[in-house]
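Fold and geometry: a report
These are the residues of each chain, in order.
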Amino acid sequence: MLLDYLERLYDTYDEKQYVYLVMELVTGGELFDRIVAKGSYTEKDASHLIHQDSKIMVSDFGLSKTEDSGVMATACGTPGYVAPEVLQQKPYGKAVDVWSIGVIAYILLCGYPPFYDESDANLFAQIIKGEYEFDAPYWDQISDSG
């Protein structure tokens with residue numbers, strides 16, 4: 001996941017097996033690397049980041065697909081950030097991005113992901129069930145209202 005902004009998509013090139021996207025250069029680096037270096041963000045900083053004051057470009061094209069209808073059903077994406085409906089291979093739209101932003105906000109506030117397991121099967125089960133916690137002491141200073 002890259003941290004920075006994307007002002008526009010300049011062009012696309014289609015080939016038999018590939019789609020090339022020509023976009024503005026993103027130079028902010030990996031968000032996760034920044035979180036590791038900083039530990040965690042204050043609520044105010046995390047809120048500003050999520051509200052696009054420091055614009056986030058969510059880019060994970062490793063398992064991306066092309067789809068013209070706007071509704072997809074194929075499981076793809078970075079495991080810890082993927083919404084339950086994607087894992088369950090149910091039709092989904094742009095709302096799954098909100099789930100991913102929620103995961104990012106969680107990580108910003110405490111410094112670790114809400115869903116984690118060495119086994120993908122266990123990780124996916126946690127995500128589908130929505131099993132996450134606000135462990136002390138990492139969440140002790142975070143307000144209920146956020």
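Residues numbered from 1 in each chain as written. Predicted model: local features only at pLDDT ≥ 70, side-chain atom pairs only at ≥ 80, totals over all residues. Heavy atoms only, no water.

**Digging into the packing of helix 2 (residues 43-50) against helix 4 (residues 95-110)**
So the rule is basically this: Only C-alpha atoms enter the line fits that serve as axes; for helices the fit covers just the stretch in contact. Angles between N-to-C directions range over 0 to 180 degrees. Numbering of helices and strands starts at the N terminus; helices are DSSP runs of H or I of at least 4 residues and strands are runs of E of at least 2. Angle categories: roughly parallel below 35 degrees, roughly antiparallel above 145, roughly perpendicular from 65 to 115, and oblique for all the rest. Here a crossing is taken to be left-handed if its near helix is turned anticlockwise relative to the far helix by less than a right angle, and right-handed if that turn runs clockwise. Whether two residues are in contact is decided by their heavy atoms: any pair within 4.5 Å suffices. Polar here means any residue other than Ala, Val, Leu, Ile, Met, Phe, Trp, Tyr, Cys and Pro, which are nonpolar, and Asp, Glu, Lys and Arg, which are charged; Gly is therefore polar.
Remark: helix 2 packs on helix 4, axes separated minimally by 9 Å, with the N-to-C direction vectors making an angle of 155 degrees. As judged from the angle between their axes, helix 2 and helix 4 are roughly antiparallel. Here helix 2 runs over helix 4; the crossing is right-handed. Contacts from Glu43, Ala46, Leu49 and Ile50 in helix 2 reach Ile101, Ile104, Ala105, Leu108 and Leu109 in helix 4. Residues that form the contact of helix 2 with helix 4 fall into these classes: eight nonpolar, no polar and one charged.

**Comments concerning the pairing of strand 2 (residues 9-14)**
Taken residue by residue, a regular strand's side chains alternate between the two faces of the sheet. To keep it simple, the criterion reads: Between any two strands, at least two bridges found by DSSP are needed for them to pair.
Sheet analysis places strand 2 next to strand 3 (residues 19-23), joined by five bridges and oriented antiparallel. Paired with Tyr13 across the strands is Tyr20, a residue of strand 3. Hairpin connection of strand 2 to strand 3: four residues between the antiparallel strands.

**A closer look at the pattern of salt bridges**
Pairs can form between side chains of opposite charge once their charged atoms are near each other. Keep this limit in mind: What counts as a salt bridge is simple: a side-chain nitrogen of Lys or Arg found within 4 Å of a carboxyl oxygen of Asp or Glu.
This structure, assessed with the given rule, holds one salt bridge. Among the salt bridges present, the one from Asp45 reaches Lys38, with a minimum N-O distance of 3.5 Å.

**Details of the confidence of the model for the protein**
What counts is decided by this rule: By definition, pLDDT measures how confident the predictor is in each residue, and it falls between 0 and 100.
Per-residue confidence for the protein gives a mean pLDDT of 77; residues scoring 70 or more make up 75%. Mean pLDDT across the elements of the protein ranges from a minimum in strand 1 (residues 2-3), with 38, to a maximum in helix 5 (residues 120-129), with 92. Note that residues 1-7 has pLDDT below 50 and, in this model, 35 contacts with residues that lie over four places away or in other chains. In the model, residues 71-75 has pLDDT below 50 throughout and makes 15 contacts with residues more than four positions away in sequence or in other chains.

**Regarding the packing of helix 1 (residues 31-38) against helix 4**
As a packed pair, helix 1 and helix 4 sit with axes 9 Å apart at the nearest point and diverge in direction by 20 degrees. Taken together, the axes of helix 1 and helix 4 are roughly parallel relative to one another. Crossing hand, helix 1 versus helix 4: left-handed. The residues of helix 4 that touch helix 1, namely those facing Leu31, Phe32 and Ile35, are Ile104, Ile107 and Leu108. Looking at the contact of helix 1 with helix 4 residue by residue, the classes come out as six nonpolar, no polar and no charged.

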